[in-house]
Structures are given as structure tokens and as C-alpha cells.
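Spelled out, the chains give:
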Amino acid sequence: MQNLLKTVGQIFLLWLIYFISTWTVEFFHLPIPGSVLGMLLLFALLSGGIIKEQWLALGANPLLKHLSFFFIPIAVGLMEWGELFTQKGHLLFLPLVISALVALIATGIVVQLLTKSCKKEGGAN
Amino acid sequence: MPAAMLIFLTILLTVILYLMSRKIFLHTKNPIFNPVLLSTTVIIIVFHYTGITFDQYKPGKDIMTFLLGPATVALALPLYLNRGVLLQALFPILFGICFGALATLTTAVLLAKLSGLDALIVASIAPKSITAPIAIEISRLTGGDPAIAVAFVVFTGTLGSIIGPSLLSSCKITNPIARGLAMGVTSHGQGTATILQEGALQGAMAGVAMAVAAIFISFIAPLYIPWLVNL
């Protein structure tokens, strides 16, 4: 029972950070999502020691564990676009597949080359 | 049927399907059986045959996604806990994430334009490698559609999880930092879950890549995506 209250309270704290961030984004017409500002704000609060990790873990863990649940109702919105996908679905295949290959190979090769050269520099010193 | 009853039943259907598909996914560990893909497909089929419209589902959808915002904010927690791995090679990691995220977004948008797809689809394909909650927000800010964006995000997450590890190996990308980052940049949460099976370092790197890529793309998206779409 005590844990349940703690969980609810911690989720409320996360909601409060989200609320403040979306309000700030709207008020100042910032061109970034409110949730991203909220993420940065929470990261800053954690880094600054203002909020302790233990104050949030109980509320954050179930939300993160079931994060993909939230995408289901949104993805159901696809039912309104059925025609579009049956008519043009085949055109989507190449852009999606090629860009995924680009992401994997580009990131992998760049990081592997850069970490190698960093280590060599380190060794020379 | 009264409206409140229908809302309750559609929420119940969504929750039950999610729990069932999650069980199947955790049991098989096959990226094809991811809960979003399975549940969404079944729900759309059920709605198709029972005649339930998306408008009737919307009140339930709003109730179910009420906590999505706070959940997205909570992504700062794993990033904070994994901040130590960033210091292993700060510049290569940050540069690699931003380079990869930009490369895949640009390739996807340009190829979609060349395929003759309309602006709504092109704008919705742009955030396809970004974690779903933030891809939804980015698509709203840049003239895309959140539902289409989620579909592309899940497709990319599934594809990357299936081909990623073997493709990286065949390209001789063996460094665990590089493998983790590549999977996080490409396939966000799904890629992170997949590469975590190779090791804790790879998993932590993928988680960091997913968060940093989402933040980086959020900042450039409002200017870069409309510019690229209208090029």
C-alpha cells in the first residue's frame, strides 16, 4: 500500500515536470516538444542533485517498462490511412530499408574509426 | 451500446492485447512479435469487422495515453544512470550519434521524395529512427501524422532488430561501443532491447544513443525537416 502511494506520488512528480515543460514550450513558443524539454529538465535536476534518483525510480520504472503500451492506441490511428497504405505502401519499402542500413553502417563505422584513433592518440601520450 | 461502455470495452481490448502480445514477445524474443505491431494489427482487424470507428476509439485513446508525457520525461532517468559510459569516449560517441541520426533522416526523406510520396508521408517518415514518444511530437511539429510516424518507427525498430547485429558483423563493426550506438540510433528502444543481449555495455550505449538522438533531432527538426521536405 505504501509502495503504491509512493509510485503514484512519483508519477505525479514526473507529470508535474512534464506539465511545467509543455507550459514553458507553449508560453515561449519554443520549437521543441515539451516532453523533450521535460527530459532535459529532469536530467539537469538529477545532475544537480536537486532530485534524487531514488525519489523517482518506483514511479518511472513501470512507465518505462510499459512505454510501448502507449504507442498502440496512437498506432491504431493508421486505420484512417488504410487506402494510402494499400495504394502507396510499396513505395515506402525502399526509403525505410535503405535509410535503416545507412543508420546502422554510418553510425557503426564512424564510431569505430573515431574510438580507434582516440585510443591511438592516448597510447602515444 | 452506451458510449461509456464502448470506451471501457475498447480500453479493455487494448490492455488485454498488449499484455498477451508482451507475453508472446518475451517468450519468443522475436522482433517480429513486438507488442505494438501485434496489438495494433489485431485491434484494427477487430474494429474493421465490428464497425467501430477511430472517432469512437479516441476518448479511450486519450485516457490510455494520458501518462505518455510523464513516461517520456522519465527517459531522462536511464540516460542519467548511464551517463558514465558517455565519458568513455565523449566526442566519438556524440559525433557518431548525431552523424548517424542526421544521415538516416536525410536519406529517408530524400528517397521518399524521389519515390513521389506526398508531403504528409515524407514528413512522417523523417523521425522514423527516433523513439516513438518523441517521434510523435516531432511529426506534429513538422507537418506529419503521429499514427503514420509510429508505424514507420515500429517498422524501422523491427527491421533494425532483425538485420542489425548480423549486418554490423558482416561490415566488421566489432567494437561494442559502435555496435550499441548503431543499434540505438537506428532502432531506438527495440534496438536497445536486442543489442542488450550481446552485453551490458552495448545495451547502455544503445540507450544513450536513443536518448541523445531524440534530443538532437528535436532541436534541428522544426527547421531542417520542413526545409528538406520542400527541397
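Residues numbered from 1 in each chain as written. Chains lettered and ligands numbered in written order. Predicted model: local features only at pLDDT ≥ 70, side-chain atom pairs only at ≥ 80, totals over all residues. Heavy atoms only, no water.

A. Layout of the UniProt feature "transmembrane region" (unreviewed entry) in chain B. Residue and element names in this part refer to chain B. Within this numbering scheme, the UniProt entry marks residues 32-51, 63-81, 93-112, 148-168 and 204-225 as carrying the feature "transmembrane region" (unreviewed entry). With 74% helix and 0% strand, residues 63-81 has end C-alpha atoms that lie 30 Å from one another. Between the C-alpha atoms that bound residues 204-225 there is a distance of 29 Å. The span itself is 100% helix and 0% strand. (UniProt positions renumbered as here; feature names shortened; annotations may be inferred. Helix = DSSP H or I, 4+ residues; strand = E, 2+ residues; numbered from the N terminus.)

B. Local environment of the interface of chain A and chain B. Listed as interface residues are 67 residues of chain A and, on the opposing side, 93 residues of chain B. For the pairing of chain A and chain B, the buried interface totals around 7300 Å² over both sides, and the portion due to carbon and sulfur atoms is 84%. If you sort the residues of chain A by the area they bury against chain B, Met-39, Ile-74 and Leu-104 of chain A come out on top, with a joint share of 10%. Joining chain A to chain B, the criterion identifies one salt bridge. One salt bridge connects Lys-88 of chain A with Asp-118 of chain B, and the closest N-O pair in it is separated by 2.8 Å. In this assembly, chain A and chain B are joined by 11 residue pairs in polar contact (both at pLDDT 80 or more). When residues of the side of chain A that touches chain B are assigned to their parent elements, the largest contribution, 28 residues, is made by helix 5 (residues 82-124) of chain A. (Contact = heavy atoms within 4.5 Å. Buried area = accessible area lost by both parts, 1.4 Å probe. Salt bridge = Lys/Arg side-chain N within 4 Å of Asp/Glu carboxyl O. Polar contact = N/O pair within 3.5 Å; in protein donor to acceptor, adjacent residues only side chain to side chain.)

C. Examining the domain arrangement of chain A more closely. Looking at the assigned domains, one finds that chain A contains domain 1 (1-68) and domain 2 (91-125). A straight line from the C-alpha centre of domain 1 of chain A to that of domain 2 of chain A covers 32 Å. (Domains from an automatic or database assignment.)

D. Just the pattern of salt bridges, in detail. Residue and element names in this part refer to chain B. Inspection of every chain in the model, using the stated rule, returns four salt bridges over all chains. Among the salt bridges present, the one from Arg-140 reaches Glu-137, with a minimum N-O distance of 3.2 Å. Of this pair, Arg-140 and Glu-137 both sit in helix 9 (residues 132-141), three residues apart, which is roughly one turn of that helix. Residue classification places Arg-140 among the partly exposed positions, given a relative accessible area of 49%. A salt bridge links Glu-198 to Arg-179; the nearest nitrogen and oxygen atoms lie 2.8 Å apart. Taken together, the residues Glu-198 in the loop between helix 11 (176-195) and helix 12 (200-229) and Arg-179 in helix 11 connect sequence positions 19 residues apart. Residue class for Glu-198 comes out partly exposed when judged on its relative accessible area of 35%. (Buried < 20%, exposed > 50% of the residue type's maximum accessible area, 1.4 Å probe, protein only.)

E. Just the UniProt feature "transmembrane region" (unreviewed entry) in chain A, in detail. All names here are of chain A. UniProt's feature table lists "transmembrane region" (unreviewed entry) at residues 7-25, 31-51, 63-81 and 93-114, given in the numbering used throughout. End C-alpha atoms of residues 63-81 are separated by 29 Å, and the span's content is 42% helix alongside 0% strand. A helix fraction of 100% and a strand fraction of 0% characterise residues 93-114, whose end C-alpha atoms lie 32 Å from each other.

F. Fine view of helix 2 (residues 35-50) of chain B. Between its first and last C-alpha, helix 2 of chain B extends 22 Å over 16 residues, near the 22 Å set by a 1.5 Å rise per residue. All of the buried residues along helix 2 of chain B are Pro-35, Val-36, Ser-39, Thr-40, Ile-43 and Phe-47 of chain B. Burial along helix 2 of chain B is one-sided: seen end-on, the buried residues are contained in an arc of 105°. Exposed and facing more than 90 degrees away from the buried side of helix 2 of chain B are His-48 and Tyr-49 of chain B. Looking at the packing, one finds that the buried side of helix 2 of chain B touches helix 4 (71-75) of chain A together with helix 1 (3-28), helix 3 (54-64) and helix 10 (146-170) of chain B. The positive-phi residue at the C-terminal boundary of helix 2 of chain B is Gly-51 of chain B, with phi of around 80°. (Expected span 1.5 Å × (residues − 1). Arc of directions from axis to C-beta.)

G. Region of the structure containing the nonpolar core. Formed by 101 residues in total, the largest nonpolar core has its most connected members in Leu-42 of chain A together with Ile-97 of chain B. With 16 residues, the single largest contributor to this core is helix 12 of chain B. Residue contacts for Leu-42 of chain A: discarding those within four places in its chain leaves Leu-14, Ile-17, Ile-51 and Leu-56 of chain A together with Val-73, Ala-74 and Ala-76 of chain B. (Core = buried A, V, L, I, M, F, W, Y, C linked by side-chain atoms within 4.5 Å.)

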